Amino acid sequence: MNQRPPAGRGEGSVSAFCSRARCCCCCFRQHERFGEMKSTAGRQGGGGSAAAAPGDRGQLGSSSSCRSIEMQHDEEGDITQKGYEKKRSKLIGAYFPQTPGMDPSMGQERRTPVTPSSSSRYNRRRSSGSRDERYRSDVHTEAVQAALAKHKERKMAVPMPSKRRSLVVQTSMDAYTPPDTSSGSEGEGQGDEDVGDGEEEDGGGGGGTSSSREGSISMEHWISRAVHSSTTTTSSTASSSSSSTRSGGSGAAAGRLADVLAQHVHISAQHHLRHHRHHHRHKTENHSAPPDVTGCTNNTANTTADGIQVERGPPGGGGGSAAQRQTPKYGNAELMETGDGVPVSSRVSAKIQQLVNTLKRPKRPPLREFFVDDFEELLEVQQPDPNLPKAEGAQMAAMRGEQLGVVTNWPPSLEAALQRWGTISPKAPCLTTMDTNGKPLYVLTYGKLWSRSVKVAYNLLHKLGTKQEPLVRPGDRVALVFPNNDPGAFMTAFYGCLLAEVVPVPIEVPLTRKDAGSQQIGFLLGSCGVTVALTSDACHKGLPKTPTGEIPQFKGWPKVLWFVPESKHLSKPPRDWFPQIKDANQDTAYIEYKTCKDGGVLGVTVTRTAMLTHCQALTQSCSYTEAETIVNVLDFKKDVGLWHAVLTSVMNMMHVVSIPYALMKVNPLSWIQKVCQFKAKVACVKSRDMHWALVAHRDQRDVNLSSLRMLVVADGSNPWSISSCDAFLNVFQTKGLRPEVICPCASSPEALTVAIRRPLEEGATPPSRGVLSMPGLSHGVIRVDSEEKLSVLTLQDVGSVMPGALMCVVKVEGVPQLCKTDEIGEMCVCTVATGTSYYGLAGMTKNTFEVFPVSNNGTPISEFPFTRTGLLGFIGPAGLIFVAGKMDGLMVVGGRRHNADDIVATALAVEPMKFVYRGRIAVFSITVLHDERIVVVAEQRPDSTEEDSFQWMSRVLQAIDSIHQVGVYCLALVPSNTLPKTPLGGIHLSEAKQLFLEGALHPCNVLMCPHTCVTNLPKPRQKQPEIGPASVMVGNLVSGKRIAQASGRDLGQIEDNDQFLFLSEVLQWRAQTTPDHVLYTLLNSRGAIASSLTCVQLHKRAEKIAAVLSERGHLQDGDHVALVYPPGIDLIAAFYGCLYAGCVPITVRPPHPQNIATTLPTVKMIVEVSRSVCVMTTQLICKLLRSKEALAAVDLRTWPPVIDTDDLPKKKPPLLYKPSNPDTLAYLDFSVSTTGMLAGVKMSHTATSAFCRSIKLQCELYPSREVAICLDPYCGLGFVLWCLCSVYSGHQSILIPPSELEVNPALWLSAVSQYKVRDTFCSYSVMELCTKGLGLQTDSLKSRGVDLSRVRTCVVVAEERPRIALTQSFSKLFKDLGLHPRAVSTSFGCRVNLAICLQPHRLGKLADQGTSGPDPTTVFVDMRALRHDRVRLVERGSPHSLPLMESGKILPGVRIIIANPETKGPMGESHLGEIWVHSGHNASGYFTVYGDEVLQSDHFSSRLSFGDTQTVWARTGYLGFLRRTELTDASGERHDALYVVGALEEAMELRGMRYHPIDIETSVIRTHKSITECAVFTWTNLLVVVVELDGSEHEALDLVPLVTNVVLEEHYLIVGVVVVVDIGVIPINSRGEKQRMHLRDGFLADQLDPIYVAYNM
């Protein structure tokens, strides 16, 4: 031990005291650090070497393949112990706390050296345990525990998810299923019902441990050392055959003498240190600094680029600072700071901080990254690492089995054998079936089997259908549906079919109509053309029935006739009728079903010749002789159980004792008792059965297994079966079980038996073991492991090739080339005795079933096809076959292969019994972002707490990371018994995967680790310097592209009302010239006219209000007045009253009576920030302000004087105020932006008039027109249309308050129809209300006469990117009511300019009516290019395409240019930039209290840095682009379309790229039907996704993986936090825009009351 073996040489890698066999527990990866050989049970001592003598069976490969390759070390030559310790301590010094002043190397040297004395002392202390010390495998668990210990040193801080209380309580209660009491002892009850037999679960250990407590203290000890318990707990690791993700059988491991154990254990104490070093070496070298968290690029160079936006608070100023301090909180009126001023104490931010810290840790070495083309964001492609292990051996030759001997008395066919035994020894027992008490239920003799089968054959051919039209003809397929406890009926039916030359298709009994796999089975039956199903009486009675007593058609099944072939129901064949007994031929004998990885079911056809030859090969390999007794625990309907206990047994007239699954549940020892009772020579079992027997075993005196000459282990090819075999041998060797009796075999549905270990003569050399390096295996190469690794896999051989077969191993991917001797590949066999095809699938048979292996030079090695077995492995020394896994369980992650079984084993090793329910764990991979990602789903025990589960999850992640060096993408826990089951109780893997992907698995805990697993994100963007002024500008070209600029038409000649500079003058002029012309009509919720105003009425009311202001309010010119009115006529009158009095009005939305606490503070804030000297309002609102709730929210004394305008005095003011300067303030417009900023802009008289004029021209508004307006009248274009335009243009406005639509959603559309309105304006929230509220009522609206055919324009007023999906669904929905699809368009405005674009009406004969404007155009842009601020048009439907709708036609008098927001240079047309606007109606600046105008001044007066540097522009703060379209407008000009992409301050800069929240939200909302709304924001560079759940709280956790997947897949971003909340939590402003920053503040202050918060690792 003192000398480390030199790397690269095989000899000496086994320490002397280690030659003793050790094995790994059922499910634990052997973490042996010693190459090992199995020696005979009694032998001990002597150092075997991994490269034993050439002839020795224990040799593994030639010296080249056995070279022990040091994976992460490249030290040359020898290294002394001292040098080694020194080097090691240097490497891992960084990870261990050092005592000051102590030499780092000392720490290691002070450990007790391993000397015999110390070990024996250790031994005494330990072995006081008890007998089961012997059969416990420490190995795997030890490795897992060592790996975990290593992680403990660098405490992994994983923030626990937050869960709503109700969710926690419910899951544990609902999930609780009382344990099955049918079982004898509670412990193996753990395994019952979940462990079926058959392929379905490869293994799984018994569950037993709890039972063990009842009996022996020793067991107690075993359990308490969860470290070693390992297998006992796999309990029912059942899994669907579709993917062998189950840990194979089990048994606490065995085979070691106490002192060896002691030494071993002592050494293992240093395990984790060593591993620590090797594990870390490759991690640390690459990182000088921790990489940026969110970048996840693992590339330190990029952190600066990524870190640009640590956290954007709202831009300062602009009302911001005041607003910041006063944004109302979520559910109460306390004020809290927004933006950066988040209270740090809040729980959420602490958790996020913890997450950020965790993520800052260096991860795996970064992959090489590259770009091909600017646009193509290529995902990083893993470059092969030159240091990876490569196969170095010679090309492997195909291996030929022994000659298949022709024995003279072998029957020419199985039917002939049956006839022979049925006639010459009719009394010989063929089958004994046990009942659940272990008593023989019936004995079927060969005579009975023969006569009954003949009867079945006759009835099948002659008694179904009519004489002329028989239902079944020879060659037809029929289904055999028999339960597991009735092998007799099955055998009779099976042989009856063979005699009738009908093809049986044995399948499982469908449990319910919607049984997970039965639908796929139905498809198989359909494709086989099955019309008849044979079943037993009992089973027929148990099938689900319709009320009329018929058996319903199962989902996916063809219509079948159920037929019970039991003697009492059958007619006797006539004397002269005999089945024709032919020699075996190429006709199909039977079809065996096989479940694939994706859950599909295929039928493998087996011909009569293949069936017979296979029986002969088994007879020869197993040396079967007549009248031997064989005990069978396996499923007799398929696979090994069918081949040995139904087919080969009849060929050799053997006696089968069948143990049903139900009996195994009650008494796991039953099969051993039957072996003793019947002195059976052979037993067929799975690892699970051995494991259960161990768990239930209590020193039975009468057990004697000396009669056994062969114990066939059906799943011996599962890497984990070795531990069960060892443990079993260890306990039962004293009961007469000989080591050479254990015969593992490997099989597959396609190739039948692939290999089986022959029963040895006594004293022959025991079989060999392979201790292989797991990292080597993940690269597909075989490396006998050096003693130093934690991660190894110990394999046992499955014997040699079958007689008469030729076997080779071919590469898994690409051309089926022969592997090298030290390479893992798929095994293929060429023999008569295999399946011939997938039934009815010629193409699949050609491509995947059969294969023509080729040698290095590309020549086929045989002219006959080989059959693929689906098993991965290699041919070892002496022609022994080793299987390392299945193709189905293979997951290729980042170019490395991992086996699902192995990962299950590691997960189970973590604290098996305490946590996982009956060991039920499913492991599968899903493809996200062009790579497979590993998902682990485990059922948790009903009594486990949140803390338990979270701790278990973190430990599993660490164990898998250390042992397999692969990250788990998602770890989910579901309540016990909720994973879908196969008919035999295993986990139905593909169904589980399907549920996971559909979001229907309903886990109770989820941990996603995308940050650690996803290493192939695209390279972060490095910002390129933009074109500077020095670049040559030719005309209007920037860098070869047209400069992006456009303008609306000229304002044209002045009309009569346009000479007035002031709106107040326009109103007076209208009151004189057209006094009775109605300007405004207000509708109530029933659609009736609530009130209306003519020109003169409005003028008179405005005069009265002006009088009140000057008298009661004593206001001066220019004083500010807050107007707090509900939408309506009072608001309009008050506005003009202010203008008449020379005051500056500010319209404010009144507080909501049901929600005063949150809405009133906003009102108060606007009143304060706008410096209003008085508030005008209605009596009702006055009362509201004095109510108890209002006083609790805002102190009444802090309000300025409040004037109510309900009863006005009769007098007029002395004279109306006429402003002297048109540039003075007309009104202030306050609005909350989507980022939660309250900003007020100043509108001068000039701008106001210019604005109205521009709209009048664009929309062609004249006194004769009527316009319906369903908008909030408090800010922006909504206010202008509601209050100003009618007065300016003289048209009638029909006012519909949007709040009334909540009562009557049809109000707006009915009004439009009733008043035959041609132009209407609405907001997105109104449109959404109509789409959702009236979706199903279009017919009833039609019948009420609602007709929208006259509508020429329906404009959505918005300050955001057009919501194309909403406008389209609105158009489609109301097309039936006559709405023209081209009528719907949008407008665009912002704070600096309240309306930049507005689409005018475009219907009718456009040009004739002189209307301006083509249709709004929609383009599709590449979302990936957009992230780089480039615009690339793509075809509709191309990947990553994003539809964008034009925002309307640019208003007259408006000029637009697209500028670079950073450099302020003009941009070309193909670039995304900030929209800058120059127009007469731009606002003149922000209105703020503290005069922070400086900060924002450039918003209103920016100049380009080069090009046209004279024009003064206002910056909108929105990103967009211009496109010159092919369309022309009325004047013949080409039409320039403006596309708004999103707000600059909302855009998130992640990984150097610009993302718009709406794009991510759209993807998220699409992923699951229960997500009704979504909002995203960033916090400390983590992406936070908040989703509103419309469904039961149990669906909350389903959303976490789906949200993470879709954002990765479509946006190449890793979600940091997923928050699931109730409907209505995401705050929305009056325009229906999400207030993401409010949401962020609420989240960080922990005010959202979320259902679930998941922190992705």
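The structure displayed is predicted, hence computed values, not measured ones. (Residues numbered from 1 in each chain as written. Predicted model: local features only at pLDDT ≥ 70, side-chain atom pairs only at ≥ 80, totals over all residues. Heavy atoms only, no water.)

Could you clarify how one ought to interpret the overall build of the protein in this entry?
A count of helical and extended segments in the protein gives 51 helices and 61 strands. Counting contacts in the protein only where the partners sit at least 6 residues apart, residues at least 24 apart contribute 78% of the total. When the accessible surface of the protein is summed, it comes to about 57700 Å², and 53% of that surface belongs to carbon and sulfur atoms. (Helix = DSSP H or I, 4+ residues; strand = E, 2+ residues; numbered from the N terminus. Contact = heavy atoms within 4.5 Å. Areas by Shrake-Rupley, 256 points an atom, 1.4 Å probe, with all protein chains shown as cover.)

Just to check I follow, could you spell out the nonpolar core for this structure?
Grouped burial of nonpolar side chains is what soluble globular proteins tend to show. Of all hydrophobic cores here, the largest spans 143 residues; its most connected members are Tyr 495, Tyr 590, Leu 647, Ile 921 and Trp 952. No other element matches helix α18 (residues 487-500), which puts 10 residues into this core. Filtering out sequence-adjacent residues up to four positions away, Tyr 590 remains in contact with Phe 494, Val 503, Pro 504, Val 604, Thr 605, Val 606, Met 611, Leu 642, Trp 643, Leu 647 and Leu 752. Formed by 90 residues, the second largest nonpolar core is a distinct cluster that contains Ile 1269, Val 1357, Ile 1456 and Met 1467. (Core = buried A, V, L, I, M, F, W, Y, C linked by side-chain atoms within 4.5 Å. Buried < 20%, exposed > 50% of the residue type's maximum accessible area, 1.4 Å probe, protein only.)

Is there a simple way to think about the sheet that holds strand β19 (residues 800-801) in this case?
By definition, the strands of a sheet pair up through backbone hydrogen bonds, in either a parallel or an antiparallel sense. Taking strand neighbours across the sheet as the criterion, the 9 strands line up as β4-β3-β12-β11-β13-β14-β15-β16-β19 in an open arrangement whose pairing is mixed. The open sheet terminates on both sides in strands that have one partner only, identified here as β4 (440-445) and β19. (Pairing = 2+ DSSP bridges.)

How should the environment of Leu 167 be read in this particular structure?
Within the secondary structure layout, Leu 167 lies in helix α6 (residues 165-175). A relative accessible area of 2% places Leu 167 in the buried class. Sequence spacing of Leu 167 and Glu 1593 is 1426 residues, and the spatial spacing of their C-alpha atoms is 6.6 Å. The residues contacting Leu 167, other than those within four sequence positions of it, are Glu 1593, His 1594, Leu 1597, Ile 1651 and Tyr 1652.

Quick question: what am I supposed to make of the packing of aromatic side chains here?
Pairs of aromatic rings are described using the distance from one ring centre to the other and the angle between the two planes. Taken as a whole, this structure holds 25 aromatic pairs when the rule is applied. Relative to Trp 562, the ring of Trp 557 lies with its centre 6.1 Å away and its plane at 20 degrees, an arrangement referred to as stacked. Given a relative accessible area of 5%, Trp 557 falls into the buried group. Ring geometry for Phe 874 against Phe 882: centres 5.2 Å apart, planes inclined by 10 degrees, an arrangement best described as stacked. A relative accessible area of 0% places Phe 882 in the buried class. Counting every residue linked through ring pairs, the aromatic cluster contains Phe 482, Phe 490, Phe 494, Tyr 495, Tyr 590 and Phe 636. Residue placement shows Arg 420 over the ring face of Trp 421; its charged tip is 4.9 Å from the ring centre. A cation over a ring is seen here: Lys 638 above Tyr 593, with NZ or CZ 4.5 Å from the ring centre. (Phe/Tyr/Trp six-rings, centres within 6.5 Å; stacked < 30°, edge-to-face > 60°. Lys NZ or Arg CZ within 6 Å of the ring centre and 35° of its normal.)

Would you mind going over the sheet that holds strand β47 (residues 1384-1388) with me for this structure?
Strand order in the open sheet made by the 8 strands is β36-β35-β44-β43-β45-β46-β47-β48, with mixed pairing throughout. Whereas interior strands pair on both sides, the edge strands pair on one side only; in this sheet they are β36 (1089-1094) and β48 (1397-1398). When strand β35 (residues 1078-1083) meets β36, the two strands line up antiparallel, connected through 5 bridges. Directly across from Tyr 1080, in β36, lies its bridge partner Leu 1093.

Even after reading the chapter, I still don't get helix α16 (residues 414-424), so can you show me in this structure?
Residues separated by three or four positions in an α-helix point in the same direction, a consequence of the helix having 3.6 residues per turn. Turning to α16, its buried residues are Leu 414, Glu 415, Ala 416, Ala 417, Leu 418, Trp 421 and Gly 422. Looking at the buried residues of α16, the elements they touch are α17 (446-462), α18, α21 (608-622) and α22 (639-651).

Can you help me understand unusual backbone geometry in this one?
Apart from glycine, the bulk of residues carry a negative phi angle, and the bulk of peptide bonds sit in the trans form. Look at Asp 1429: it is not a glycine, yet its phi comes out positive at around 60 degrees. Along the chain, Asp 1429 falls in the loop between α47 (1423-1427) and β50 (1441-1445). Given a relative accessible area of 9%, Asp 1429 falls into the buried group. One non-glycine residue, Thr 1580, lies in positive phi territory at about 45 degrees.

Honestly, the environment of Ser 1254 in this entry has me stumped. Any pointers?
By the element assignment, Ser 1254 lies in helix α40 (residues 1245-1259). Excluding anything up to four places from it in sequence, Ser 1254 contacts Leu 1051, Leu 1451, Pro 1452 and His 1481.

I would appreciate a short explanation of helix α44 (residues 1324-1333) in the present structure.
Restricting attention to buried positions, one finds in α44 the residues Tyr 1324, Val 1326, Met 1327, Cys 1330 and Thr 1331. The arc enclosing the buried residues of α44, seen along the axis, measures out at 160 degrees, which places them on a common side. (Arc of directions from axis to C-beta.)

Can you help me understand the pattern of salt bridges in this one?
When the charged atoms of two side chains lie near each other, side chains of opposite charge can form a pair. Taken as a whole and judged by the stated rule, the model has 45 salt bridges. In this structure, Arg 473 and Glu 469 form a salt bridge, with 4.0 Å as the shortest nitrogen-oxygen distance. In this structure Glu 469 comes out as exposed when scored by relative accessible area, which is 51%. Of the charged contacts in the structure, one is a salt bridge between Lys 541 and Asp 537, with a shortest N-O distance of 3.8 Å. Of this pair, Lys 541 and Asp 537 both sit in helix α20 (residues 537-542), 4 residues apart, which is roughly one turn of the helix. (Salt bridge = Lys/Arg side-chain N within 4 Å of Asp/Glu carboxyl O.)

Please clarify how the packing of α16 against α22 should be interpreted in this entry.
Two quantities define a packed helix pair, namely the angle between the helix axes and the distance between the axes. Axis separation between α16 and α22 bottoms out at 8 Å; the angle between their running directions is 65 degrees. The two elements α16 and α22 cross, and the hand of that crossing is left-handed. For the pair formed by α16 and α22, the contact residues are Leu 414, Ala 417, Leu 418 and Trp 421 on the first element and Leu 647, Val 650 and Met 651 on the second. (Axes fitted to C-alpha atoms, helices over the stretch in contact; angles between N-to-C directions. Left-handed = near helix turned anticlockwise from the far one by under 90°.)

For this particular structure, what's the right way to read the side chain of Thr 845?
With respect to the helices and strands, Thr 845 occurs in helix α28 (residues 842-849). Owing to a relative accessible area of 6%, Thr 845 belongs among the buried residues under this scheme. A polar contact of 2.7 Å, which involves the side chain of Thr 845, links it to the backbone oxygen of Leu 841. Sequence-distant contacts of Thr 845, defined by excluding residues within four places in its chain, comprise Thr 836, Ser 837, Tyr 838 and Glu 850. (Polar contact = N/O pair within 3.5 Å; in protein donor to acceptor, adjacent residues only side chain to side chain.)

Keep in mind these numbers describe shape, not what the thing actually does.
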